[in-house]
Amino acid sequence: MAQDSAGFSSECQFWMGKLSVWGQASSSETQQDICRHLPQFQEFLRQIYETLKEMDSGTLIERFPTIGQLLAKTCWNPFILAYDESQKILIWCLCCLINKEPQNSGESKLNSWTRGLLSHIFSTFRFDIKEVGLFTQSLGYATADYYPGLLKKMVLALVSELRENHLNGFNTQRRMAPERVRSLSRVCVPLVTLPDFEPLVEALLTYHGHEPQEMLWPEFFDAVNEAFLLKKISLSKSAVTCLWLRHLPSLEKAMLHLFEKPIFSERNSLRRIEGFMKDSLLPEAACHPAIFRVVDEMFRYALLDTDGAPEVLATVQVFTWCFVEALEKENNQLKFALKTYFPYASPSLVMALLQDPKDIPPGLWHQPLKHISEMLRATVEDQTHGSSGGPFESWFLFMHFGGWADMVAEQLLMSEAEPPEALLWLLAFGYSPRDGSQQRAQTMAEVKAVLGRLRKLLRSPTLSARDLQAAAGGSPGGDPPPACGRLIRHFLLSFLLWAPGGHLLAWEVVSLMAQTGELTREVIGFLDQTLYRWDRLGVEAPASRELAGELLTELRTQVQPRRTGDVMGDGVTWDGRPLKFFSKELLWAPLSKPRGSRQAVATGPAGQGRVCQPCCESSSPAAKSSRWGANSAHVC
């Protein structure tokens, strides 16, 4: 507090005197005096709030005994309470006085008294009662018993009124005025974390009027979203979905919150990321196509801004698995056509990718993989399919369902048949979508040669690290394409996990392979993804699982975490470099512009956004990525 204790006490006495005068008369002179002094009095209330935030409420009341009386007199003055700003500051002060876990009867009485004042403030919204104290006495209730019950009933009454209004639809005589709903949401801003107000928060979020503009206060959405992200309140799936549909910045902040720690940390396995993902309710809310398209767009920009970082890719795949599970859980028949989720993809390709490999016998996995490869290749290389989005969009769709991509290498390594060209193409495309046809053919030839040498070693009775190093070496025709290095390392790791002789050489080979921190992270990511995929597919391989787990544990102790920033503060960074898409200045830029023929986001006052309903028609993508040379889909 800026003033010393003596000065503060003197100011308290001054305002107590004023409140006593204001409370005993209701003449026009008194009202004029209130209006004249109100700005200074509100500033004094802000000082009380700042002090309450930093000081224990019991200590403050003990040092300044008149604080409680001052707040009470203020709450009971209808002329002061008529100003929204006064209501807001008073509620802030009262919320600071509440002890969430009272330790003694004194603190319990303080809680009851504080709830009484909050009840009175809220009574002006529902009953227009100015003398709640007289009403209490006439009922014969003690204050300690009455006020907590009144607060709950007040909240329930407001909830019922909002629900009745929602059901009444266009019956304007019985509808709550939009100004009242907006004012109610504004008063709730500092109250959203109090358990008694959770039903009202949910009712406001799910309440839909018939006004062209958003009725709820923008700060209300911000406060609810922040409390939900920080686990200070629990909300139903429907309430969270309404929050993110009605306020786009809240959805974006939820995504940024997810990116803050789970993705950019080597200490977090994909199983833990799945837990974070489900906890966030993003996959369930994404069952609404408008939310899915915004989330998908943010993942797209994250991949572009990190040059396709494996951590981001893995998180896209985990999100997609959780999203598909949520769709299946929500309904047997889709409420929305798949076209609304993936508007620029072939429906037959999406259906093929949506197949669960668990439903297909392992010996037949190569059949759907070949089918997926043929459809993707036609889209990427056939010019008649150019309107579908180009290489990046095809690759981005394929990476959503990364389980199929990860299976290709194992299928090729373990099979004794000649490697099908379709699977080689799928592998080369998955690892390097930017390559042209000639470069991709060179990658396929290199991979086929390495694959042949590794297959011979599978049948070899003796095995050494030197043999594996020679098998992974390039062809005599020249240097292999850049995509081959990572691809061949993953073939080697698969070989070590599946070949009986590879288990004995695993640590020696991995040590030679992981010479840098970046390569170590790559190996960690591969092992983690492999274990996660085996868990999902129910793959029985005890020895391979044990080896992968041991390697993963040892490597994680050696790697240094990446440098990442705080998304809620200075923005997300990647290896010390700020990511443009996640900076505060550009938070709205990528999503506030339409990417097709229809407006994606309707912006309201104060930067507020409303997501439009998903359209079913396809429109040609407009924006091109200079890095990928491909089109991106618009968010609808």
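Quick notes on the rules
Residues numbered from 1 in each chain as written. Predicted model: local features only at pLDDT ≥ 70, side-chain atom pairs only at ≥ 80, totals over all residues. Heavy atoms only, no water. Helix = DSSP H or I, 4+ residues; strand = E, 2+ residues; numbered from the N terminus. Buried < 20%, exposed > 50% of the residue type's maximum accessible area, 1.4 Å probe, protein only. Contact = heavy atoms within 4.5 Å. Areas by Shrake-Rupley, 256 points an atom, 1.4 Å probe, with all protein chains shown as cover. Phe/Tyr/Trp six-rings, centres within 6.5 Å; stacked < 30°, edge-to-face > 60°. Lys NZ or Arg CZ within 6 Å of the ring centre and 35° of its normal. Core = buried A, V, L, I, M, F, W, Y, C linked by side-chain atoms within 4.5 Å. Axes fitted to C-alpha atoms, helices over the stretch in contact; angles between N-to-C directions. Parallel < 35°, antiparallel > 145°, perpendicular 65-115°, else oblique. Nonpolar A, V, L, I, M, F, W, Y, C, P; charged D, E, K, R; others polar. Salt bridge = Lys/Arg side-chain N within 4 Å of Asp/Glu carboxyl O. Expected span 1.5 Å × (residues − 1). Arc of directions from axis to C-beta. pLDDT = per-residue confidence, 0-100.

**Description of the overall build of the chain**
Next, step 1: Assigned secondary structure in the chain consists of 30 helices and 6 strands.
Next, step 2: Relative to its full complement of 636 residues, the chain shows a buried share of 52%.
Next, step 3: Counted over contacts in the chain with a minimum sequence separation of 6, partners at least 24 positions apart contribute 72%.
Next, step 4: As displayed, the chain has an accessible area near 29000 Å², and 52% of this comes from carbon and sulfur atoms.

**Notes on the packing of aromatic side chains**
Next, step 1: A complete count under the given rule lists 23 aromatic pairs for this structure.
Next, step 2: Here the aromatic rings of Phe292 and Phe319 are separated by 6.2 Å at their centres, their planes lie at 25°, and the arrangement is stacked. Here Phe292 is found in helix 17 (residues 289-305), whereas its partner Phe319 is found in helix 18 (residues 310-330), with 27 residues between them in sequence.
Next, step 3: Exposure remark for Phe319: the relative accessible area of 1% places this residue in the buried category.
Next, step 4: An angle of 10° between the planes, with centres 6.2 Å apart, marks the rings of Phe319 and Phe323 as stacked. Here Phe319 pairs with Phe323, and both are found in helix 18, just 4 residues apart, close to one helical turn. Across this residue pair, the class does not change: Phe319 and Phe323 are buried.
Next, step 5: Cluster of aromatic residues (ring-pair linked, three or more members): Phe259, Phe292, Phe299, Phe319, Phe323, Tyr341, Phe342 and Phe401.
Next, step 6: Above the face of the Phe228 ring, Lys231 is positioned so that its terminal group lies 5.6 Å from the ring centre.

**Here we look at the nonpolar core**
Next, step 1: Core analysis: the largest hydrophobic core is formed by 187 residues, its most contacted members being Phe122, Leu200, Phe220, Trp244 and Leu454.
Next, step 2: Among the elements that make up this core, the one with the highest residue count is helix 18 (12 residues).
Next, step 3: Once residues lying within four places of it in the same chain are set aside, the contact partners of Leu454 are Leu413, Leu468, Ala471, Phe491, Leu492 and Phe495.

**Things to note about the packing of helix 15 (residues 270-280) against helix 29 (residues 517-537)**
Any two packed helices are characterised by how steeply their axes cross, that is the angle between the axes, and by the distance between the axes.
Next, step 1: Where helix 15 contacts helix 29, the axes come no closer than 9 Å and their chain directions differ by 65°. Relative to helix 29, the element helix 15 lies roughly perpendicular. For the pair helix 15 and helix 29, the contacting residues are Leu270, Arg271 and Glu274 in the first and Asp528, Gln529, Tyr532, Asp535 and Arg536 in the second.
Next, step 2: Considered class by class, the residues forming the contact of helix 15 with helix 29 number 2 nonpolar, 1 polar and 5 charged.

**As for the pattern of salt bridges**
Next, step 1: Per the counting criterion, the structure on display carries 22 salt bridges.
Next, step 2: With a shortest N-O distance of 3.7 Å, Arg271 and Asp535 are connected by a salt bridge. Of the two residues, Arg271 is situated in helix 15 and Asp535 in helix 29; the sequence distance between them amounts to 264 residues.

**Examining the side chain of Glu522**
Next, step 1: With respect to the helices and strands, Glu522 occurs in helix 29.
Next, step 2: On the basis of relative accessible area, Glu522 is assigned to the buried category, the value being 14%.
Next, step 3: If we ignore the near neighbours within four places in the chain, the residues touching Glu522 are Arg486, Arg489 and His490.

**Overview of the packing of helix 22 (residues 390-400) against helix 24 (residues 421-431)**
Next, step 1: Helix 24 packs onto helix 22 with a crossing angle of 100° between their chain directions and a minimal axis gap of 10 Å. Considering their axes alone, helix 22 and helix 24 lie roughly perpendicular with respect to each other. Seen from helix 22, the contacting residues are Pro391, Ser394, Trp395, Phe398 and Met399; seen from helix 24, they are Leu426, Phe429 and Gly430.
Next, step 2: Grouping the amino acids of the contact of helix 22 with helix 24 by side-chain chemistry returns 6 nonpolar, 2 polar and no charged.

**Looking at the side chain of Thr520**
Next, step 1: Looking at the secondary structure, you find Thr520 in helix 29.
Next, step 2: Setting aside chain neighbours within four positions, we find Thr520 in contact with Ala514, Leu555 and Val559.

**Here we look at helix 28 (residues 502-513)**
Next, step 1: Counted at 1.5 Å a residue, the expected span for helix 28 with its 12 residues is 16 Å, but the 14 Å between its end C-alpha atoms falls short.
Next, step 2: Among the residues of helix 28, those classed as buried are Gly502, Leu505, Ala506, Val509, Val510 and Met513. All buried residues of helix 28 project into a common sector of 145° when viewed along the axis, lining one side.

**A look at helix 25 (residues 437-458)**
Next, step 1: Given a rise of 1.5 Å per residue, 22 residues ought to cover 32 Å, and the 31 Å separating the end C-alpha atoms of helix 25 matches this to within 8%.
Next, step 2: Where helix 25 is concerned, the buried positions are Arg440, Thr443, Met444, Glu446, Val447, Val450, Leu451, Leu454, Arg455 and Leu457.

**Quick look at unusual backbone geometry**
Next, step 1: Even without being a glycine, Lys231 presents a positive backbone phi close to 65°.
Next, step 2: Tracing the sequence through the fold places Lys231 in the loop between helix 12 (218-229) and helix 13 (237-246).

**Quick look at the environment of His208**
Next, step 1: Of note, His208 is situated in the loop between helix 11 (198-206) and helix 12.
Next, step 2: Measuring from C-alpha to C-alpha, the distance between His208 and Leu162 comes to 9.2 Å, with 46 residues separating the pair along the chain.

**Thoughts on the environment of Leu194**
Next, step 1: Within the fold, Leu194 resides in the loop between helix 10 (178-187) and helix 11.
Next, step 2: Overall, Leu194 belongs to the buried group, its relative accessible area being 10%.
Next, step 3: With 96 residues separating them along the chain, Leu194 and Ile98 place their C-alpha atoms 9.5 Å apart.
Next, step 4: With sequence-adjacent residues up to four places away left out, Leu194 is seen in contact with Cys95, Ile98 and Leu118.

**Details of the environment of Leu70**
Next, step 1: Mapped onto the secondary structure, Leu70 falls in helix 4 (residues 66-75).
Next, step 2: The exposure class of Leu70 is buried, given its relative accessible area of 0%.
Next, step 3: Between the C-alpha atom of Leu70 and that of Met16, which follows or precedes it by 54 residues, the distance is 6.0 Å.
Next, step 4: Residues contacting Leu70, with those up to four places away along its chain left out, are Cys12, Trp15, Met16, Leu19, Phe41, Phe44, Leu45 and Ile48.

**Regarding the confidence of the model for the chain**
Next, step 1: On average, residues of the chain carry a pLDDT of 76, and 75% of them reach 70 or more.
Next, step 2: Predicted confidence is poor over residues 564-570, with pLDDT under 50, and the contacts of this stretch with residues over four places away or in other chains come to 15 contacts.
Next, step 3: For residues 582-636, every residue scores under 50 in pLDDT, and the model assigns this stretch 148 contacts once sequence neighbours within four places are set aside.

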